[in-house]
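# Close look at the chain arrangement
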Amino acid sequence: MSNQHSYQSDYLDQLESEAIHILREVAGQFERPALLFSGGKDSITLVHLALKAFRPGRLPFPLVHIDTGHNFPEALTFRDELAARIGERLIIREVQETIRQRQLTEPGGKFASRNALQTFTLLDTIEEFGFDACIGGARRDEEKARAKERIFSIRDEFGGWDPKRQRPELWNTYNGRIHKGENVRVFPISNWTELDVWNYIRREKIGLPSIYFAHEREVLSYEGQWIALSPFIRLDDGDRVEKRQVRYRTVGDMTCTAAVESSASGIDDIIREITATRTSERGETRIDDKVSEAAMEDRKKNGYF
Amino acid sequence: MDLLRFITAGSVDDGKSTLIGRLLYDSKNILADQLEALERQSRNKEDGEIDLALLTDGLRAEREQGITIDVAYKYFSTPRRKFIIADAPGHVQYTRNMVTGASNANLIIVLIDARKGVVEQTRRHSIIAGLLNIPHVIVAINKMDLVDNSQDVYNNIVIDYAEVAKTLQLKDVVFLPISALKGDNIVSRSAAIPWYEGPALLELLEQTEVEKDIDRTRGRLPIQYVIRPQTEALHDYRGYAGKIASGTWRKGDAVTTLPSGLTSRITSIETGGREVEEAFAPLSVILQLEDDIDISRGDLLVNGGRPPQVTQDLEALVCWMDSKPLQPGNKYLLQLGSRLVRSQIKDLEYRLDVNTLEKDLAPGQAGLNDIVRVRLRTASPLPFDAYTDLPAGGGAILIDETSNVTVGACLLQ
């Protein structure tokens, strides 16, 4: 080879290779891993990466969806079609069932969110199948507490995260050894930003649920955010429901995810909007993070993803 | 657009957090709601200016105690590059965190307070940068505004640090005068320091060439996983999957498996779901080989020039990261790439003073944040390279088999 040989690699190739390496470490180090699939763009990207990591073989883990019962129907349809298309196992566990079995109390209020309750279902599911590692699509740029979490994040038997007892993570060497009862949450796209994910989705032509693109929807305005009209929220006197053209920047529950007004009908438009936006992803769309400065830190300590 | 990972070394007093905040802020990587949160938190401050340092504070536990307990990662990008910052606290007790943050870094920014010059902490950070072989060093002499942007002050510090860099054999050391607080020479050149004619910090970060830092002649590929579909159509398919640590891998190349020594040739290379003729670090790949030889997770594929050593008796510099001491006779798991072997500390040769590089020849044991030279023996032969020679093949971790905790970073010699 000549001296001009270029060894430069694109940042998306580097992020992709890092994520694939992490997924293969999970396969190599754990007996019973699972990939937590929410139907959102980050976990859809994870599935795409997993296929690259293990095809032409089968995925060495099932997809697991913790269904809060408050999902966008479009996300559920997408989930089922994806699982069928790739021919991999999909395990669904319902928060509704946990509420019934364990007689949990649902939070009340206008936007009664099952966000906290899904931790119960997640921990039950981990126990039911004996999962020792759960792969998730969380990113460090999302939130301050996430910025400090390891790629292999050890959780105690209650799923709890202790930021002061994290293992040092050196080079690309991941220590996944755990005691019985503990499990590891693994975040292969830790080092990706929101924009990285969108650029990757564009490059790889990854399909997404339709709600990520501009569509007409009945919404109500609440503290400057657009909340979808659904059977899961309470309408009060004075609430005005309007038809708006919106899209979703993140996809969580219908009760805790806000829409943004947008006419972006394709990936290029979305990337343009995100590049120009002056608000962060969670700040714009997540009602659940506004509770306190340390909302995520607290939830993680209690077993949340 | 490529990727650069860097670490910032310095304490809060040196303006490290302000520098990171400034880089994110001036490169427009801070968004409106994050800024609002900052303004809210800065409101209690006397001067009313936005405290950019607050951007790098993470957890409530840390904010309450005004400390940083761990490495935090920050991201920003320019049209030319994506940057990953490992923000590690600089205090004396945090060697562990700095080593962790430095292990993946292409570059280190060593911050020096212009009023104080080269101090013990500067030496410590530089020694660690040298031990970990960080290929590029930017010495940012900060708070220039507080010394009237004096060229003399700057020049004296450059002379002092050049001495340190020479002793430590640091490669590619670049200096620049900045004021993180005022934003001078951070994103663009500042008129406040007219005598400095070099590039601003962000330009340096964008221009540093990193792809030459990886060895392209000696191939190292730790095998993580063997893909075996075992379907009718792919009955004999065996794909050896791993992330290339170094070297260049081409179809038709001869490869050797270590420690077994079995050889074969590459018949196909796949990366990112596509078949390619050639692949190199840092790509994740799947290789298929001509012969059906026994390869499994933990094996190392090598090609090209000088092969690694394969032995059970190793020497290593260990940065100790656990509160329980390291003592001769202790047994640990050693993880190098995808290989996990039992090992025993045979001898503790000396402790390195990270402030002076002096050797304490009879340390007895090593405590948290100590760097020591050890002799160890592994239960089975380990293929490895000397870290100083080929970092991609010589950085390992030690794991306490009873607590499962990562207790040491091992630079094999």
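None of the values given here were measured: they were computed from a predicted structure. Counting restarts for each chain: residues are numbered from 1 in the order of the written sequence. For this description, chains carry letters from A and ligands carry numbers from 1, given in the order in which they are written. Residues qualify for local features only when their pLDDT is at least 70, as the model is predicted, and side-chain atom pairs are given and counted only at 80 or more; totals for whole chains, interfaces and linings, by contrast, use all residues. To obtain the side-chain values, all non-hydrogen atoms of the structure were included, while hydrogens and water were left out.

## Describing helix 3 (residues 73-86) of chain A
Residues and elements named next belong to chain A. Under the convention used in this document: By the criteria applied, helices consist of DSSP H or I runs no shorter than four residues and strands consist of E runs no shorter than two, each listed in order from the N terminus. Every helix has an expected span of 1.5 Å times one less than the residues it contains. Throughout this description, buried means an accessible area under 20% of the type-specific maximum (1.4 Å probe, protein chains only), exposed means over 50%, and partly exposed covers the range between. What the arc covers is the set of directions going from the helix axis to the C-beta atoms. By definition, residues are in contact when any of their heavy atoms lie within 4.5 Å.
Over its 14 residues, helix 3 runs 20 Å from end to end, which matches the ideal 20 Å to within 8%, given 1.5 Å per residue. Among the residues making up helix 3, those that are buried are Ala75, Phe78, Arg79, Leu82, Ala83 and Ile86. Burial along helix 3 is one-sided: seen end-on, the buried residues are contained in an arc of 130°. Opposite the buried face of helix 3, by more than 90 degrees, sit the exposed residues Glu81, Ala84 and Arg85. Packing partners of the buried residues in helix 3 comprise helix 2 (41-54), strand 2 (63-67) and strand 3 (90-94). Taken from the residues just after helix 3, Gly87 is the one with a positive phi, measuring 65°.

## Describing the sheet that holds strand 1 (residues 33-36) of chain A
Residues and elements named next belong to chain A. We count it as follows: For two strands to pair, DSSP has to find at least two bridges joining them. Lines fitted to the C-alpha atoms define the axes, with helices restricted to the stretch that makes contact. Angles between their N-to-C directions range from 0 to 180 degrees.
The strand order across the open sheet formed by six strands is 3-2-1-4-6-5, and the pairing between neighbours is mixed. Looking at strand neighbours, the two that pair on one side only are strand 3 and strand 5 (152-155), the edges of this open sheet. Strand after strand, the sheet turns through a mean of 30° between neighbouring axes, direction not considered. Sheet topology places strand 1 next to strand 2; two bridges connect them, and they run parallel. Bridging from a neighbouring strand, Leu35 pairs with Leu63 of strand 2. In the packing of helix 4 (residues 95-102) onto the sheet, contacts are made with strand 2 and strand 3, and the angle to strand 3 comes to roughly 45°.

## Focus on the environment of A:Trp192
As for its position among the elements, A:Trp192 is in the loop between strand 6 (183-186) and helix 7 (194-204). With relative accessibility at 0%, the residue A:Trp192 sits in the buried group. Counting along the chain gives 44 residues from A:Trp192 to A:Lys148, while the straight-line C-alpha distance between them is 14 Å. Residues contacting A:Trp192, with those up to four places away along its chain left out, are A:Leu15, A:Glu16, A:Ala19, A:Thr45, A:Leu49, A:Arg139, A:Asp141, A:Val197, A:Tyr200 and B:Lys82.

## Regarding the domain arrangement of chain A
All names here are of chain A. Stated precisely, the cut-off is as follows: Residue ranges labeled as domains rest on an automatic or database domain assignment. Each of two parts loses accessible area, computed with a 1.4 Å probe, when they are put together; buried area is these two losses added. For salt bridges, the criterion is a side-chain nitrogen of Lys or Arg within 4 Å of an Asp or Glu carboxyl oxygen.
Looking at chain A, the domain boundaries give domain 1 (11-195 + 294-301) and domain 2 (208-289). Here the C-alpha centroids of domain 1 and domain 2 sit 24 Å apart. Listed as interface residues are 29 residues of domain 1 and, on the opposing side, 32 residues of domain 2. Both faces combined, the contact of domain 1 with domain 2 buries some 2,600 Å², and carbon together with sulfur accounts for 58% of it. Of all residues in domain 1, Phe72, Lys110 and Phe111 bury the most surface against domain 2, accounting for 33% of the area lost on that side. For the pair domain 1 and domain 2, the interface holds two salt bridges.

## So, the pairing of strand 11 (residues 263-271) of chain B
Residue and element names in this part refer to chain B. Direction of pairing for strand 10 (residues 254-258) relative to strand 11: antiparallel, over a ladder of three bridges. Each bridged residue has a counterpart across the sheet, and for Ala254 the counterpart in strand 11 is Arg265. Linking two consecutive strands that pair antiparallel, namely strand 10 and strand 11, is a turn of four residues; a positive phi of about 85° is found at Gly261 within it. Direction of pairing for strand 11 relative to strand 14 (residues 284-289): antiparallel, over a ladder of four bridges. Across the sheet, Glu270 pairs through a bridge with Ile286, a residue of strand 14. Taken together, the three bridges between strand 11 and strand 12 (residues 274-276) define a ladder with antiparallel strand orientation.

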